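# Examining the three-dimensional arrangement
Listed here are the chains, written in short residue letters.
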Amino acid sequence: LSYKKKKLAWDSNLDTEIGELYSSDLNPSWRKSNDKLNIMSKLGYELAKNWYLSVLGSFKTQYAPGYTYANDADGNRTLVSKWASPSYTDLSIGVDWKPNDIFTIYVSPIAGRLTYCRDSTLRDRYGLPEKTREDGTLYRPAANAALGLSIKGGINYTAIKNLKIISTITLFTPYTSKVQKFGNFDVDWDFAISYNFFKVLSVSLMTSLKYYDQVMIAGPGWDGNAGTPGYPAARVQFKEMLGLGIGYSF
């Protein structure tokens, strides 16, 4: 949703997916395939032509429990995510450049990020730092706040009839963090291109790339020991989906 009147510009975006897949070659055969909930809203006041002083807020999480699968005879699986485990809440103020209706880039030197993980068993996986209680025992709190630099870019191209190209990228790096160096950016990049035939038949290609410096992911052949090829580390995650379906724009 986009709104503009005089010197005010307000853009909001909801990006959400939930899906299941079935394959007889897998055990269990039913698995979650798509799951995300991204909400963003940005309000800006025009300082000069195409330049806005803006406030941005966003929230990201997933709906249902997610697992990694051993794909063995017993159907063993390991929980890796669930609702609000993790979630990322961002609030920032910065400068937004909007040279046209297609492209926008937003830079915020004052960006706050709250990482929250409701499930205590998953907090180590998502980089929530350890703290010490008064009795000397270690624990990981459910939330961790960080102040840093945020950059967000967006493309919304609809100039050619029936063709739609949408892409967003968000980068964030904290200024001071015990677990993440400044300059190590968390990356969220989504891309979608679709074309409509006969008004309602749509073919689409969607990709999603994520890299979070503090999200530990085991590689193939993981045996839990650092130094082996599959030990847990920050890794690039990438998904691609080609679809043919019914789509109607309004």
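Refer to the structure above for everything that follows.
### Side note on the pairing of strand β12 (residues 163-174)
- Two strands pair when backbone bridges link them, and strand β11 (residues 143-157) and β12 are joined in this way by 10 bridges, in the antiparallel orientation. Its bridge partner lying in β12, N156 is registered against I166.
- Between β11 and β12, which follow one another and run antiparallel, lie five residues, and N162 among them has a positive phi close to 75°.
- Taken together, the 10 bridges between β12 and strand β13 (residues 186-197) define a ladder with antiparallel strand orientation. The partner of L163 across the bridge, within β13, is Y195.

### A look at empty space enclosed by the protein
- Overall, the coordinates contain one cavity of 30 Å³ or more when judged by the stated rule.
- In this structure, the largest cavity spans a volume of roughly 200 Å³.
- Along its surface, the largest cavity is lined by 17 residues, and T115, N144, Q180, D186 and Q214 are the ones closest to its centre.
- Of the residues belonging to the lining of the largest cavity, the class tally is nine nonpolar, six polar and two charged.

### Side note on unusual backbone geometry
- Cis geometry is adopted by the peptide bond preceding P28, which originates at N27 and carries an omega value of 0°.
- Tracing the chain through its elements places P28 in the loop between β2 (8-22) and β3 (30-48).
- The amide bond that connects S85 to the next residue, P86, takes the cis arrangement and shows omega of 5°.
- One non-glycine residue, A84, lies in the positive phi region at around 60°.
- Mapped onto the elements of the fold, A84 is located in the loop between β6 (77-81) and β7 (87-97).

### So, the nonpolar core
- Grouped together as the largest cluster of nonpolar side chains are eight residues: Y88, C117, L122, Y126, L128, Y212, V215 and I217.
- Ignoring sequence-local partners within four residues, the contact set of Y212 consists of K60, Y88, R113, D186, V187, D188 and A234.

### Remarks on the pattern of salt bridges
- Within this structure, the stated rule accounts for 14 salt bridges.
- Taking the shortest distance from any N to any O, the salt bridge between D119 and K82 comes out at 3.4 Å. Within this pair, whereas D119 is found in the loop between β8 (103-116) and β9 (131-132), its partner K82 is found in the loop between β6 and β7, the two being separated by 37 residues in sequence.
- Judged by its relative accessible area of 15%, D119 is buried.
- Among the residues examined, K82 registers a relative accessible area of 22% and is labelled partly exposed.
- Two residues, R113 and D186, come together in a salt bridge whose shortest N-O distance is 3.4 Å. Here the residue R113 occupies a position in strand β8, and D186 occupies one in strand β13, the gap between them amounting to 73 residues.
- On the accessibility criterion, R113 (5% relative accessible area) is buried.
- Residue D186 is classed as buried on the basis of its relative accessible area, which comes to 7%.
- Several salt bridges converge on common partners, so that one network encompasses D15, E17, K36, D190 and K239.

Cut-offs and rules
Residues numbered from 1 in each chain as written. Predicted model: local features only at pLDDT ≥ 70, side-chain atom pairs only at ≥ 80, totals over all residues. Heavy atoms only, no water. Pairing = 2+ DSSP bridges. Helix = DSSP H or I, 4+ residues; strand = E, 2+ residues; numbered from the N terminus. 1 Å grid on protein atoms, 1.4 Å probe; cavity = no way out; pocket = protein on both sides within 12 Å on 5 of 7 lines; lining within 4 Å. Points joined across faces, edges and corners; volume = space filled by probe spheres on them. Nonpolar A, V, L, I, M, F, W, Y, C, P; charged D, E, K, R; others polar. Core = buried A, V, L, I, M, F, W, Y, C linked by side-chain atoms within 4.5 Å. Buried < 20%, exposed > 50% of the residue type's maximum accessible area, 1.4 Å probe, protein only. Contact = heavy atoms within 4.5 Å. Salt bridge = Lys/Arg side-chain N within 4 Å of Asp/Glu carboxyl O.

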